[in-house]
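# Topology and contacts: notes
One letter stands for each residue in the lines below.
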Amino acid sequence: MGTHPRSPEVTHARPTSNSSRPPRTRDTGEEQRPAPDPEARRLNSPLTLTLLMLLVVLCQGPIRGALGAPVMQSWMTVFVAVLVQALPFLVLGVLLSAAIAVFVPPSFFARALPKNPTLAVPVAGVAGVVLPGCECASVPVAGALVRRGVTPAAALAFLLSAPAINPIVLTATAVAFPRNPEMVVARLVASLLVACVMGWLWLRLGRTDLLKTPARHAYEGQGKGAAFWGSVRHDVMHAGGFLVVGAMAAATLKAVVPQTWLRTAAENPVIAVLALAALAVVLSICSEADAFVAASLTQFSLTARLTFLVVGPMIDLKLFAMQTGTFGRAFALRFAPATLALAIVVSVLTGLVML
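For the structure given in this document, a descriptive report is provided here. As the structure is a prediction and not an experimental result, all values here were calculated from the model.

Looking at the element boundaries, Thr-339 is found in helix α17 (residues 329–354). For Thr-339, the contacting residues outside a window of four places in its chain are Leu-160, Met-198, Met-314 and Ile-315.

Structural data, given as structure tokens:
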């Protein structure tokens, strides 16, 4: 009448069933999962590369035939020409931009600007010549200026002018347009005008609640060497990728798109200007290399190509994303369309007078 005769079997079976379960952690009681095999993960990339090379070897006949076509030969000629011409300026600009951003303290710009905000805007616009880099470098520098107390209007004028009027960009423009030296002066004048007018407009109409305080730059606080090479790696990978995309687009327009289409767009001055402005926004080419892409678009007028050169360094897809991340979405949604419209108007007026 005491214990149930089968109870020992039951109590003995419980630990047996529990022993088959994975062990539990002490803190959460969750089951521990086996760690992924690092060797399997290490084999993925070489295996993918090997399969890709095998596929290229197997398809070398069709690939050789496609590359031997006249259209592809023309495409490759334009693509390589744009890259070879633009790459030295891109690398030089990235090196100088990283050196200035790392070794020149942002407080230097704050001390150099006048206290009067109205005068600080054109001075900051002209000061853009001391930052020989692309727009990827101007956005964080402008953010550092705002964070250190510089009037936002002056910082925005610097942001717009630095990628367009620095010596590297102007020299690249002169090399890309050897028969049209007036393009260099026109680009300088139009870009500086847009930067100053946008700065004054923000000084007059801008709302401080739309401009958030920029976050601390990722490389601040690191050693000088680490910050320099980190900035160089970032800018080379970032700007170099957009340069390749821009060169591919220029080669495609030159070799694949029917010439009648380009002539039709180029013959209408309004369509030509709007088309190249939109192309500048979409391609997002680094300002050290955009002159060579513009020079390859020989179907279009100098004024339309000037619009391409003025719009690109001031507003494109990557710049909009960077401005959103640095100053906030509310700011970028108002500042970017206004900059685009003003850049088109000023470049057209400058082209009509100087080109």
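Moving on: the packing of helix α10 (residues 182–205) against α17. Relative orientation of the contacting elements α10 and α17 amounts to 140°, with a least axis distance of 9 Å. In this structure, α10 meets α17 at a crossing whose hand is right-handed. Together, Glu-182, Val-185, Ala-186, Val-189, Ala-190, Leu-193, Val-194, Val-197, Met-198 and Trp-202 of α10 and Phe-331, Phe-335, Ala-338, Thr-339, Leu-342, Ala-343, Val-346, Ser-347, Thr-350 and Met-354 of α17 make up the contact between the two elements. Its residues placed into classes, the contact of α10 with α17 shows 16 nonpolar, three polar and one charged.

A few words on the side chain of Asn-166. Topologically, Asn-166 is positioned in the loop between α8 (152–165) and α9 (167–176). Here the side chain of Asn-166 touches Ile-168 through a polar contact of 3.1 Å, landing on its backbone nitrogen.

Evaluation of the coordinates by the stated rule reveals three aromatic pairs. Aromatic side chains Trp-202 and Phe-331 sit 5.4 Å apart centroid to centroid with 80° between the ring planes, which places their arrangement in the edge-to-face category. Within this pair, whereas Trp-202 is found in helix α10, its partner Phe-331 is found in helix α17, the two being separated by 129 residues in sequence. Phe-331 carries the same exposure label as Trp-202, and that label is buried. Centre to centre, the rings of Phe-331 and Phe-335 are 4.8 Å apart; their planes meet at 20°, and the pair counts as stacked. Of this pair, Phe-331 and Phe-335 both sit in helix α17, four residues apart, roughly one helical turn.

This brings us to the nonpolar core. Counting 82 residues, the largest nonpolar core has Phe-177, Val-194, Phe-300, Phe-308 and Val-311 as the members making the most contacts within it. At nine residues, α8 tops the list of elements feeding residues into this core. Apart from residues no more than four positions distant in its own chain, Phe-308 is found in contact with Leu-276, Leu-279, Ala-280, Leu-283, Ile-285, Asp-290, Val-293 and Ala-294. Formed by five residues, the second largest nonpolar core is a distinct cluster that contains Ala-98, Val-102, Ala-227 and Phe-228.

The subject of this paragraph is the pattern of salt bridges. Tallying each qualifying case throughout the model produces one salt bridge. When the shortest N-O distance is used, the salt bridge between Arg-187 and Asp-290 registers 2.9 Å. Remark: Asp-290 occurs in helix α14 (residues 290–296) and Arg-187 occurs in helix α10; sequence separation between them is 103 residues. Comparing Arg-187 with Asp-290, the two get one shared label, buried.

Calculation criteria
- Residues numbered from 1 in each chain as written.
- Predicted model: local features only at pLDDT ≥ 70, side-chain atom pairs only at ≥ 80, totals over all residues.
- Heavy atoms only, no water.
- Helix = DSSP H or I, 4+ residues; strand = E, 2+ residues; numbered from the N terminus.
- Contact = heavy atoms within 4.5 Å.
- Axes fitted to C-alpha atoms, helices over the stretch in contact; angles between N-to-C directions.
- Left-handed = near helix turned anticlockwise from the far one by under 90°.
- Nonpolar A, V, L, I, M, F, W, Y, C, P; charged D, E, K, R; others polar.
- Polar contact = N/O pair within 3.5 Å; in protein donor to acceptor, adjacent residues only side chain to side chain.
- Phe/Tyr/Trp six-rings, centres within 6.5 Å; stacked < 30°, edge-to-face > 60°.
- Buried < 20%, exposed > 50% of the residue type's maximum accessible area, 1.4 Å probe, protein only.
- Core = buried A, V, L, I, M, F, W, Y, C linked by side-chain atoms within 4.5 Å.
- Salt bridge = Lys/Arg side-chain N within 4 Å of Asp/Glu carboxyl O.

Remember, this is a structural readout, not a statement about activity or role.
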